[in-house]
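Fold and contact review
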Amino acid sequence: LAHGGGGKAMKDLIDDVFISAFAGAAPEVLEDQARFNLAMLATHGDRLAFTTDSFVVDPLFFPGGDIGKLAVYGTVNDLAVGGAKPLYLSCAVVIEEGMQVEVLRRIALSMAQAAREAGVTIVTGDTKVVQRGACDKIFITTTGIGVIRPGLELGIDHVKPGDAILVNGLLGDHGAAILCARGDMALEASIESDCAPLHELIELLLDAAPGTRCIRDATRGGIATVLNEIADASAVSIEINEAATPLRDEVRGFCEILGLDPLYLANEGKIVIAVPAQESEAALAALLAHPHGQGSAVIGHAGLGEPGRVTMQTLFGGRRIVDMLVGEQLPRIC
Amino acid sequence: MNTPLRMADATSSVEIRVRGRVQGVGFRPTVWRIASRLSLDGDVLNDSQGVLIRVRGVASTIAALVEELRASPPPLAEITAIETRPCEGELESGFVIVDSETGAHARTEISPDAAMCSVCATETLDPFVRRFRYPFTNCTHCGPRLSIVGGVPYDRATTTMAPFPLCQACGAEYRDPADRRFHAEATACHVCGPAARLIRFDGRAFSFEQHSMLDDVDAALSLIQKGEIVAIKALGGYQLACDATRPEAVALLRQRKRRDAKPFALMARDLDVVRRYAMVSEAEAMALESREAPIVLLAATGPEDLPDEIAPGVKTLGFMLPSTPLHLLLLRRMGRPVVMTSGNLSDEPQLIDDVEAAAKLSAIAPFALTHNRDIANRIDDSLVRHMGGRLRVLRRARGYAPASIQLPPGFEPAPEILAYGAELKATFCLIKDGRAVLSQHQGDLEDALTYDDYRKNLVLYRGLFDHRPAALAADLHPEYLSAKLARATARSENLPLVEVQHHHAHAAACLAENGRPLNADPALAIVLDGLGYGSDGAIWGGEFLLADYRRFERLGTFKPVAMPGGAQAIREPWRNLHAHVTAEMGWPAFAMNFGELDLFAALTAKPLASVDAMIKASVNSPSASSCGRLFDAVAAALGICFDRQAYEGEAAARLEAMVSAGTLEEEGDALAYPLPIPNLQGSGLPYIEPLGMWNAVFGDLILKTPASVIAARFHKGLAKSIAAMALKLARRDEEDAPARFDTVALSGGCFHNKVLFEQVVSRLEKLDFVVLTHSRVPANDGGVAFGQAAIAAAHLIDAGRVRQKAS
Ligand SMILES: [Fe+3]
Ligand SMILES: [Mg+2]
Ligand SMILES: [Zn+2]
Ligand SMILES: [Zn+2]
């Protein structure tokens, strides 16, 4: 692809890639905006949820996913963790000149397929090609609209001491997969990204545990970051148990070799859930019943300790502070 | 003689102000005794500034009083100033101690806990006095202080002695100015004070043969002698004790405490027992018997040996003598050393709470010698080592903290400052009235209990010292929990925050400890440690800084080498070795020249491809110019802690222990490994280049040179290179300019290595440098808070001066 020069022909080509990929899914795609029937939206609930996110990832294709899939599921999950049913997506793409049309087509098709699987429609979009070096291969921004079912009040500041903290499966797969793919870490273990849409799982969870306080997707910064955000916002302490924290052996080994703490590794299909203690069993059962909830576990509890403080009971019996990182993981030992 | 005497014969009234640590140490009764003996009229009282004495008498007699106070103050007192001026008020005849008004007397300083004095020890062992075998005997000259304090003023009511009202006999002593226990806030006896009890942690009843044991304390010893592990509630926390001469007991303790290889501290009844296992110099004996009563690191070269399990891989033993009556009584019948290690699971702080101790220690020790006085503040045993002709405090805790340290000339106008210290070996430091109060060692802040303790102590110290900081100071490191807390506190209390580079803080700690004035010329600070966050965002750890309190210039460094795996590279020394090999000669050259070494095979068995990929892709492989990591790498090359080190600094400690004294002393410098000083590409900074050293080390390994010789040649080569760097940086030979510096300050944890320290000091002194070293403040990160505080003070003093000029 060339920047600028191709004029209309070039634009048509790009539009063709995306429009043909999203064909049938986007009825209003010929207008400058998507249009929704409010009465239809209102059948799903009483509040609109609206979110946007930009996706930049290196490499574009990695075991278990690609940037297109990530861009769809990421926004779907951002809606779902608020308790919303995801309905519509927009998609803006910035492409570095020199990008191969074939690669672009693969990404577009992957997005289309991800949207189909998540039951959302990509209703509008835009593409731009920029000079070499002005962006890195391709940046995708997706924006999503969903509708929140009546009566639901999830909030990061709703967690109370005593609440159980759950995750929906093995942690750190995405972060490990990306690092492996990026640096060719010469590891035998093949770790796939956990990239997945979680709205169905969350629906099941909310049916089983209607008292759920909050749900957060543990993407960048891993569960350590999410737990700290929850502890800060709700002014509670949170203690998790290393023995109860679900990790794949391959990820454990990967972290051992790279010296990384899995609690800080990114996930793309994992959520942290806080529920009242009496609903924790029902919540766990609901999670385990869904394919995206395999490996779910209660990993800890909120408490009355120092507000904002997250700690982990280690396998050695000590209790270690799990703090929010300012930058990347950096040795502190002198 | 005649005229002045007649002049002096006239009576006058004088007010004497005594400043320093003069409260709660028996100062007023000392004044009372001297004044009464000299027949002076007047009174003495405590107030917010210290002690105030008002006397009427002949000038020469008053001068004699001041002289005697200066010459022989009470043992725990530390006078910083005595000022006299004419007294206006009327004085009654006779001399009285005026009771402190409640609230009016803010304590000026809290004393450290002090080892029992000889008089109390004698009493405790005397069957004909009422404190015979009383484990909590103390007086104004000795006993618990910081460990029992909960608030100010320092009165019995604010200590954990509050629940023990004085009996009649103790009360009489307490009120009698002539008695050694006048206002001894912690005084007690069998009748009124706390009692020791031997219990089973599981609460089950048990009996010991009453007729053959003197009491519970003695019975605890019998258990130890039988090979049991016994928990002991000591002064600043629980301890775990067992017979040090029984390998199986020591091994069991190690296993149950989950403590891999870190040496155990020992306690012995007296010096004679210590001398059977270790060499004790005069200075070391004095340290052992001092009021501070620290653990003293001694050369394990006595006629008898202790099991290897005590201190695996190192040739030193850490001994202390009984410092409380409880320990004195416990070890009375014990002719052998006892392991006396902190009562905790590995990496956690020492337990102080009875319930928690029962929950956590019962799996280690079935029995506990406990008592019913609470420990208010956790204080570890201190650790000192005699190096380069002086005692050096390596871990500053019981006996030393919170004794204040005088700041150098020029720091008098410093406002109150609170410095948050580093991360491992955390301490904090307050500045008040031109003095620095460095907290006790608290440990690794990442441990939640340690962090809680650190926060609790911050509140305690601020209360005890009535401290209202005008500014905070912290490390530059973005992730230190101490620095994060400082940043949050600066925001919430709206205080300025001075962020201090780690090695600059080390440097300032050494300068300030040595009294180097605020406006002195910069000195070369050689700071060698593991890692610290550099002002360029890189990781530093072997630095040559031209520094004063205000600023520093980085003149030289160690070679930056990747740390594949970040902190994991510290735990696993082979990673550093591999990174060094690939960064220096490259793997193919290493394989070709040294492929026959066992070392080559051992490295090949590691996931090298992954590690190489990490370094190449810059995944968690920060580059560090560290001296500590060079030690790790060399140790790994000799097979020391190749796979893993069990505790921080283990590899370096074992490498030091391996050094052959013969090689060190007799072999010429020519065989010391070469570490030349080229300039870094880019920055042009001179650095210590290890390539030649590696070729020599591997060459020696091929020649089957003993590891002890290799270790000696490494230490020597490194010291030689460090001295050469100092000489090069001084630029003495430049014609039209004076040398850049004449003083060198040494700091950083690597200088706890005795061989390196002594080699570097003697080489620098031979080059006619003035060498400043640490002794009261640890060279490792335990001293960083002190340096931060000095640097922040310098900044604030300058800022104050600028403001004054402007207005
Ligand atoms: Fe340091
Ligand atoms: Mg937090
Ligand atoms: Zn005494
Ligand atoms: Zn009594």
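Reading guide: rules and limits
- Residues numbered from 1 in each chain as written.
- Chains lettered and ligands numbered in written order.
- Predicted model: local features only at pLDDT ≥ 70, side-chain atom pairs only at ≥ 80, totals over all residues.
- Heavy atoms only, no water.
- UniProt positions renumbered as here; feature names shortened; annotations may be inferred.
- Helix = DSSP H or I, 4+ residues; strand = E, 2+ residues; numbered from the N terminus.
- Rg over C-alpha atoms; globule rule 2.2 N^0.38 Å.
- Buried < 20%, exposed > 50% of the residue type's maximum accessible area, 1.4 Å probe, protein only.
- Contact = heavy atoms within 4.5 Å.
- Areas by Shrake-Rupley, 256 points an atom, 1.4 Å probe, with all protein chains shown as cover.
- Lys, Arg positive; Asp, Glu negative; His and termini not counted.
- Charge placed at Lys NZ, Arg CZ, Asp CG, Glu CD.
- Polar contact = N/O pair within 3.5 Å; in protein donor to acceptor, adjacent residues only side chain to side chain.
- Buried area = accessible area lost by both parts, 1.4 Å probe.
- Salt bridge = Lys/Arg side-chain N within 4 Å of Asp/Glu carboxyl O.
- Donors = N, O, S within 2.8 Å, 3.2 Å for Na, K, Ca; no water.
- Tetrahedral: all angles 85-135°; square planar, octahedral: opposite > 155°, others 65-115°.
- Expected span 1.5 Å × (residues − 1).
- Domains from an automatic or database assignment.
- Pairing = 2+ DSSP bridges.
- Axes fitted to C-alpha atoms, helices over the stretch in contact; angles between N-to-C directions.
- Nonpolar A, V, L, I, M, F, W, Y, C, P; charged D, E, K, R; others polar.

If you look chain B up in an unreviewed UniProt entry, it shows as Carbamoyltransferase HypF from Mesorhizobium opportunistum. What UniProt states about chain B under its Pathway (unreviewed entry) heading is, verbatim, "Protein modification; [NiFe] hydrogenase maturation." As recorded by UniProt, the Sequence similarities (unreviewed entry) comment attached to chain B reads in full: "Belongs to the carbamoyltransferase HypF family."

Check the secondary structure of chain B and you find 26 helices and 29 strands. Rg of the C-alpha trace for chain B: 28 Å, near the compact-globule value of 28 Å for 807 residues, within the 12% margin. Over its C-alpha atoms, taken along the principal directions, chain B stretches across nearly 95 × 75 × 55 Å. The buried share of chain B, reckoned over its 807 residues, is 62%. Of all intrachain contacts in chain B linking residues separated by at least 6 positions in sequence, the fraction that spans at least 24 positions is 73%. Here chain B has roughly 30000 Å² of accessible surface; of this, 52% comes from carbon and sulfur atoms. The average position of the 86 basic charges and that of the 97 acidic charges among the side chains of chain B differ by 2 Å.

To continue, consider the side chain of asparagine 168 of chain A. Residue and element names in this part refer to chain A. Here asparagine 168 is to be found in the loop between strand 7 (164-167) and helix 5 (173-183). A polar contact of 3.0 Å, which involves the side chain of asparagine 168, links it to the backbone oxygen of glycine 269. Not counting chain neighbours up to four residues away, the residues in contact with asparagine 168 comprise Leu198, Leu201, Gly269, Lys270, Ile271, Leu287, His292, Gly293, Gln294 and Ser296.

It is worth spelling out the interface of chain A and chain B at this point. Taken together, the contact between chain A and chain B spans 32 residues of the former and 45 residues of the latter. The three residues of chain A that bury the most area against chain B are Arg332, Ile333 and Cys334 of chain A, which together make up 28% of that side's buried surface. On the surface where chain A and chain B come into contact, there are six salt bridges. For arginine 455 of chain B, the salt bridge identified is with glutamate 306 of chain A, shortest N-O distance 3.2 Å. The set of elements that each furnish at least two residues to the side of chain A that touches chain B consists of helix 5, helix 8 (249-258) and strand 13 (319-321) of chain A.

Residue and element names in this part refer to chain B. Bound to the zinc ion (ligand 3) on the protein side are Cys117 (SG), Cys120 (SG), Cys139 (SG) and Cys142 (SG), at distances that span 2.2 to 2.3 Å. Coordination at the zinc ion (ligand 3) is tetrahedral: its four donor atoms span angles of 102 to 116 degrees at the metal. The sequence pattern describing where the donors of the zinc ion (ligand 3) fall on their chain is C-x2-C-x18-C-x2-C. Of this pair, cysteine 120 sits in helix 4 (residues 118-125) while cysteine 142 sits in the loop between helix 4 and helix 5 (168-175), and the two are 22 residues apart along the sequence.

Here we come to the coordination of the magnesium ion (ligand 2). All names here are of chain A. Coordination of the magnesium ion (ligand 2) by the protein involves Asn228 (OD1) and Gly308 (O), with metal-donor separations of 2.2 to 2.4 Å. Of the two residues, asparagine 228 sits in helix 7 (residues 222-234) while glycine 308 sits in the loop between strand 11 (297-303) and strand 12 (310-313), which places them 80 residues apart along the sequence. By relative accessible area, glycine 308 is classed as buried at 9%.

Moving on: helix 7 of chain A. All names here are of chain A. Over its 13 residues, helix 7 runs 19 Å from end to end, which matches the ideal 18 Å to within 8%, given 1.5 Å per residue. Buried residues dominate helix 7, accounting for ten of its 13 residues. Among all positions in helix 7, only Gly222, Ile223, Ala224, Thr225, Val226, Leu227, Asn228, Ile230, Ala231 and Ser234 are buried. Its buried side turned inward, helix 7 meets strand 7, strand 8 (214-217), strand 9 (237-241), strand 10 (271-275), strand 11 and strand 12. Looking one or two places after helix 7, you find alanine 235, whose phi comes out positive at around 55 degrees.

Here we come to the UniProt feature "active site" (unreviewed entry) in chain B. All names here are of chain B. Under the present numbering, the feature "active site" (unreviewed entry) in UniProt falls on Arg28 and Asn46. Spanning 19 residues, the named residues nonetheless gather at one spot, since no C-alpha pair among them exceeds 7.9 Å. Its location among the elements puts arginine 28 in helix 2 (residues 27-37). On the basis of relative accessibility, which here comes to 6%, the residue arginine 28 falls in the buried class. Looking at the secondary structure, you find asparagine 46 in strand 2 (residues 41-47). Relative accessible area serves as the criterion here: at 7%, asparagine 46 is assigned to the buried category.

With that out of the way, let us pick up the domain arrangement of chain A. Residue and element names in this part refer to chain A. Taken domain by domain, chain A consists of domain 1 (7-148) and domain 2 (164-321). When each unit is reduced to the centre of its C-alpha atoms, the spacing between domain 1 and domain 2 is 27 Å. In this assembly, 17 residues from domain 1 lie in contact with 20 residues from domain 2. With both chains or domains summed, domain 1 and domain 2 bury close to 1600 Å², and 66% of this area falls on carbon and sulfur atoms. Among the residues of domain 1 in contact with domain 2, Pro63, Asn77 and Val81 are the three that bury the most area, contributing 32% of the side total. Between the two partners, domain 1 and domain 2, sit zero salt bridges. On the surface where domain 1 and domain 2 come into contact, there are five residue pairs in polar contact (both at pLDDT 80 or more).

With that settled, consider the environment of valine 96 of chain B. Residues and elements named next belong to chain B. For valine 96, the location among the structural elements is in strand 5 (residues 95-97). Using a relative accessible area of 46% as the deciding quantity, one classes valine 96 as partly exposed. The sequence separation of valine 96 and glycine 42 amounts to 54 residues, and the corresponding C-alpha distance is 6.6 Å. If near-sequence neighbours (up to four positions away) are discounted, valine 96 is found in contact with Trp32, Gly42, Asp43 and Val44.

Residue and element names in this part refer to chain A. Taken in spatial order, the seven strands of this open sheet run 8-10-7-11-9-12-13, and their pairing is mixed. Sheet topology places strand 8 and strand 13 at the edges, where each strand pairs with a single neighbour. If you compare each strand with its neighbour and ignore which way they point, the axes differ by 25 degrees on average. Along the sheet, helix 9 (residues 280-288) makes contact with strand 7, strand 10 and strand 11, crossing strand 7 at roughly 5 degrees.

The next point concerns unusual backbone geometry. With an omega of 0 degrees, the peptide bond between aspartate 58 of chain A and proline 59 of chain A qualifies as cis. Locating proline 59 of chain A in the fold gives a position in the loop between strand 1 (47-55) and strand 2 (61-62). Of note, the bond from alanine 401 of chain B into proline 402 of chain B is cis; its omega dihedral lies within 30 degrees of zero at 5 degrees. Its location among the elements puts proline 402 of chain B in the loop between strand 15 (390-395) and strand 16 (404-406). Look at cysteine 641 of chain B: it is not a glycine, yet its phi comes out positive at around 50 degrees.

Here we take up the domain arrangement of chain B. Note: interface size is frequently given as the accessible area lost on complex formation between the parts. Residue and element names in this part refer to chain B. You can read the domains of chain B as domain 1 (2-97), domain 2 (196-384) and domain 3 (563-741). Opposite the eight residues of domain 2 that make contact, domain 3 presents seven residues. Summed over both sides, the interface of domain 2 with domain 3 buries roughly 580 Å², with 63% coming from carbon and sulfur. For the domain 2 face of the interface with domain 3, the top three residues by lost area are Gly313, Val314 and Lys315, together amounting to 49%. The tally of links between domain 2 and domain 3 comes to zero salt bridges. The tally of links between domain 2 and domain 3 comes to two residue pairs in polar contact (both at pLDDT 80 or more). Tallied by class, residues from the side of domain 2 that touches domain 3 come to four nonpolar, one polar and three charged.

Looking now at the pattern of salt bridges. One pass over the full model with this rule turns up 71 salt bridges over all chains. With a shortest N-O distance of 2.8 Å, arginine 385 of chain B and glutamate 656 of chain B are connected by a salt bridge. Remark: glutamate 656 of chain B occurs in helix 21 (residues 650-658) and arginine 385 of chain B occurs in strand 14 (residues 383-387); sequence separation between them is 271 residues. Note on accessibility: arginine 385 of chain B and glutamate 656 of chain B belong to one class, buried. Arginine 654 of chain B is the partner of glutamate 650 of chain B in a salt bridge, and the nearest nitrogen-oxygen pair spans 2.8 Å. Taken together, the residues glutamate 650 of chain B and arginine 654 of chain B, both in helix 21 and four residues apart, mark about one turn of the helix. The class for glutamate 650 of chain B is buried, based on a relative accessible area of 4%. Residues joined by salt bridges that share partners form a network here, namely Glu306, Arg309 and Asp323 of chain A together with Arg455, Glu479 and Lys484 of chain B.

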